[in-house]
Amino acid sequence: MTTWIAALRSERIKLGRSQIMLLTIIDPVLCAGVGLLSTVDNGEGAWFGLLLVMTLLHAMFFLPMMAGIFSAFVCRYEHAGGGWKQMMSLPVSRSALYLSKLLVVTGALALSQLLFFAAVLGVGLLKGFDLSQVPWNLFAVRMLGGFAACLPLAALQLFVSAMWSSFAAPLVLNMIFTVPNILVANSADFAPYYPWVQPMLVMMQAGGEYDFGGFTLPLLNLMITVGGSFAVFAAAGLAYFGRKPV
Amino acid sequence: MTEMMIETRNLTKKYRGTRAVDALNLAIPRGEIYGFLGPNGAGKTTTIRMLLGLIKPDSGVVQIFGQDLRKDRLRILRRVGSLVEYPSYYGHLNAIENLETSRRILNVPKSRIDEVLHTVGLTKDAKRHVKGYSLGMKQRLGIASALLGSPELLILDEPTNGLDPSGILEIRELIKRMPQEQGITVLVSSHLLSEVEQMASSVGIVNQGRMIFQDTIPNLQRKAGSEIHIALSDAETAMITARELGCFPRLDQGKLVFKGIDNDQIARLVTALVDARHSIYRVEERRKSLEDLFLTMTGGGSSDAASADDTIASGAPRAAGLRREAAQ
Ligand SMILES: Nc1ncnc2c1ncn2[C@@H]1O[C@H](COP(=O)(O)OP(=O)(O)OP(=O)(O)O)[C@@H](O)[C@H]1O
Ligand SMILES: [Mg+2]
């Protein structure tokens, strides 16, 4: 257990004073812009309306992109400076190393989600919405669910990033699969298994007749699929990493 | 009975059907500086990566500190410091931060960082980003991080790669001190025998994945053998004189060259030659350079004639040095 914490603390040093965390700020700032320009009015269901409007860019684009970028980033310096062999010559298990990287990625995604949440509240207050009307339960489900739905993609991207020594290649892959999100979301059969669209599916269900395609699925089923795909990708990544020749 | 720090049995690694390491048996006793020699592509780095568990052997066993690497990898690695092929570094961090990434896992006091930086002479540049370091400085950082955990066994793959002559000397002296001052056993790879010869107590020579020689440096030097060269006025007739005394030299550029000849024979021979009115210009002992022996063993070519020329050109100081050592 202590070596697991040590591995995580070692990762912390490697992040250094890098600018990567700026990404977690750009996302809520842009989404806040979208929210402020939107026509959601004060009144019945205003907070939820605002959430849906702001979530589109965040869940469809920023979350998957960030999952890819953070994953590529935590592997970047090892690929560039030969750090894999140094890390793996230290008395720490490969799974501890891998999971600490995964934890850094998920931590950064959690932070993004938190900042996004703050942005939604901030925009609502600026628009003069009543804070006492915030549907906290619904918001909590969306925020936590959306975060959880990023995890399979984070695990998948980390796997690819650890395998490919190029920093750009996993990002290009991620971009290619993120772009068709809006189309994929239409398919109720396919969408739940598509890691890039999962955050969007969970976060953007509007309820009732407004939903279509993948958005009609019950949240519980979605979360089971999310959990299952996370387990598969994380296990595959761990198995690969444990045998990776360096 | 000496305790083996590293022992491999039939260690083998194949890449696309060819054996990069072929049934290698290493045996490195405690307190040695073991020079691991071989030409480019011989399999040194591949072997070292297997010793550290970075790659899996296709067959064979690695034992370090008498423990099986497959079973006790982490416990073994805690006591091993290593530098493989190129130094690893995080360019966006300074030297202290770089070492800190390892220190947190090794769990040694923070003061170790200053100590190892001082040891490799990087204290002055410790706060600079490592991406701005020269190759030699990165190499020093690599050695510093190998030393960080106060290891009992140091595995260094071409540690002087990229260092300037004074850096090479410094690192060599550093390595030489390890067994004496701290009881550390060192495995150091190189493709230069001349370099290893100056620090190692024993050597293993690999070629095409196979161990072709493993012994102490003095034994290697003995194997190199020596020749007596006599330069004189008329070599052809002198040959006849020599034969009459039961010595059978070969003729080489107007000199007589004797192999395996003892002091008595030389004395008698010189007397006879002087009596026969030869002018003797010089009598000298030439030790075949170890580099030549190495080349011969690893199939890199070099004939006796070439070695003699080499001795004249550049090998002379070394030959003298060897003679001195052999006399001790
Ligand atoms: N990952 C790999 N894939 C394919 N072949 C490899 C791989 N690693 C090493 N080899 C081959 O194994 C052989 C031994 O390589 P190795 O790097 O161990 O040599 P070396 O003794 O360290 O040489 P050098 O003195 O140049 O460092 C070489 O023929 C090399 O081409
Ligand atoms: Mg090598």
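Keep in mind it's a predicted model, so treat the numbers as computed, not measured. All residue numbers refer to positions counted from 1 along the written sequence of the respective chain. Labels follow written order: the first chain is A, the first ligand is 1, and so on. Given that the model is predicted, a residue must reach a pLDDT of at least 70 before its local features are reported, and side-chain atom pairs must reach 80 or more before they are shown or counted; all residues, however, enter totals for whole chains, interfaces and linings. The side-chain figures draw on all heavy atoms in the structure; neither hydrogens nor water molecules are used.

From N to C terminus, chain A includes 10 helices and 0 strands. Put simply, the radius of gyration uses C-alpha atoms, and a globule should come to 2.2 Å times the residue count raised to 0.38. Against the 2.2 N^0.38 benchmark of 18 Å for 246 residues, chain A shows a C-alpha radius of gyration of 19 Å, consistent with a compact globule. Surface exposure here means Shrake-Rupley accessible area, sampled with a 1.4 Å probe, where a residue is shielded only by the protein chains that are shown. With the model as given, the accessible surface of chain A reaches about 10,400 Å², and the carbon-plus-sulfur share is 72%. A gap of 26 Å separates the mean positions of the 12 positive and 9 negative side-chain charges of chain A. Labels follow the DSSP assignment, with helices taken as runs of H or I lasting at least four residues and strands as runs of E lasting at least two, numbered in each case from the N terminus. Think of it this way: Lys and Arg go in the positive column, Asp and Glu in the negative one, and His and the chain ends go nowhere. Charge coordinates come from a single atom per side chain, which is NZ of Lys, CZ of Arg, CG of Asp or CD of Glu.

Before going further, it helps to spend a moment on the site of ligand 1. Residue and element names in this part refer to chain B. Not every one of the 13 residues close to ligand 1 is listed here, only the nearest: N40, G41, K44, T45 and T46. Relative to its free-state accessible area of 630 Å², ligand 1 is covered by the protein chains to the extent of 64%. At 3 residues, the largest contribution of residues to the shell around ligand 1 is made by helix 1 (residues 44-51). Here the shell around ligand 1 is built from residues that sort into 4 nonpolar, 6 polar and 3 charged. Nearness is defined per residue: one heavy atom within 4 Å of the molecule or strand is enough. Side-chain classes are defined by residue name, with Ala, Val, Leu, Ile, Met, Phe, Trp, Tyr, Cys and Pro counting as nonpolar, Asp, Glu, Lys and Arg as charged, and the others, Gly among them, as polar.

This part takes up the UniProt feature "transmembrane region" (unreviewed entry) in chain A. Residue and element names in this part refer to chain A. UniProt positions are given in the numbering used here, feature names are shortened, and annotations may be inferred rather than shown by experiment. Those places that UniProt annotates as "transmembrane region" (unreviewed entry) correspond, in this numbering, to residues 20-40, 46-75, 96-126, 138-159, 171-195 and 215-241. A helix fraction of 100% and a strand fraction of 0% characterise residues 46-75, whose end C-alpha atoms lie 42 Å from each other. A helix fraction of 48% and a strand fraction of 0% characterise residues 171-195, whose end C-alpha atoms lie 15 Å from each other.

With that settled, the discussion passes to the pairing of strand 7 (residues 80-83) of chain B. Residues and elements named next belong to chain B. Because side chains alternate across strand 7, one face comprises the buried residues V80 and S82, and the other comprises G81 and L83, equally buried. We treat two strands as partners when DSSP finds at least two bridges between them. Across 4 bridges, strand 7 lies against strand 8 (residues 153-157) in parallel orientation. Across the sheet, L83 pairs through a bridge with L156, a residue of strand 8. Only protein chains enter the accessibility calculation, which uses a 1.4 Å probe. A residue is then buried if its area is under 20% of the maximum for its type, exposed if over 50%, and partly exposed in between.

Moving on: the pattern of salt bridges. Residues and elements named next belong to chain A. Criterion for a salt bridge: a side-chain nitrogen of Lys or Arg within 4 Å of a carboxyl oxygen of Asp or Glu. A complete count under the given rule lists 24 salt bridges over all chains for this structure. Of the charged contacts, one joins K14 and E78 as a salt bridge, the two residues approaching to 3.0 Å between their closest N and O atoms. Placement of K14 in helix 1 (residues 2-15) and of E78 in helix 3 (residues 46-81) is noted, with a sequence separation of 64 residues between them. Residue K14 shares its accessibility class with E78, and that shared class is buried.

Here we take up the UniProt feature "domain: ABC transporter" (unreviewed entry) in chain B. Taking the UniProt record as the reference, the feature "domain: ABC transporter" (unreviewed entry) is found at residues 6-233 of chain B. Secondary structure within residues 6-233 of chain B divides into 36% helix and 30% strand; the distance between the first and last C-alpha atoms comes to 56 Å.

Now for the side chain of B:D125. Locating B:D125 in the fold gives a position in the loop between helix 4 (111-119) and helix 5 (135-147). Here a residue-residue contact requires only that any non-hydrogen atoms of the pair lie within 4.5 Å. Other than its neighbours up to four places away in sequence, B:D125 contacts B:Y133 and B:M137.

With that settled, consider the sheet that holds strand 9 (residues 185-190) of chain B. Residues and elements named next belong to chain B. Reading across the sheet, the 6 strands line up as 7-8-9-4-10-11 and stay open at both edges, with mixed pairing between neighbours. Strands at the two margins of the open sheet, each flanked by one partner only, are strand 7 and strand 11 (210-216). Adjacent strand axes in the sheet meet at a mean angle of 15°, parallel and antiparallel pairs treated alike. When strand 4 (residues 33-37) meets strand 9, the two strands line up parallel, connected through 5 bridges. Each residue of the ladder has a partner; that of F36, found in strand 9, is S189. Its contacts with the sheet place helix 8 (residues 217-224) against strand 10 (202-207) and strand 11, and it is angled at close to 105° to strand 11. Inter-axis angles, ranging from 0 to 180 degrees, are taken between N-to-C directions of lines fitted to C-alpha atoms, where helices are fitted over the stretch in contact.

Taken residue by residue, the interface counts 29 residues in chain A and 29 residues in chain B. Once two parts are put together, the accessible area they lose, assessed with a 1.4 Å probe and summed over both, is termed the buried area. With both chains or domains summed, chain A and chain B bury close to 2,500 Å², and 56% of this area falls on carbon and sulfur atoms. Three residues stand out in chain A for area buried against chain B, namely A:I13, A:Q86 and A:P91, and they jointly supply 24% of the buried area on that side. Summed over the shared surface of chain A and chain B, the number is 0 salt bridges. Identification of polar contacts relies on pairs of N or O atoms within 3.5 Å, with a donor-acceptor requirement for protein atoms, meaning one able to donate a hydrogen and the other able to accept it, and with residues adjacent in sequence counted only if both atoms are side-chain atoms. The interface formed by chain A and chain B includes 15 residue pairs in polar contact (both at pLDDT 80 or more). Among the secondary structure elements, those contributing two or more residues to the side of chain A that touches chain B are helix 1, helix 3, helix 4 (83-88) and helix 5 (94-126) of chain A. Across the side of chain A that touches chain B, the residue classes tally to 13 nonpolar, 9 polar and 7 charged.

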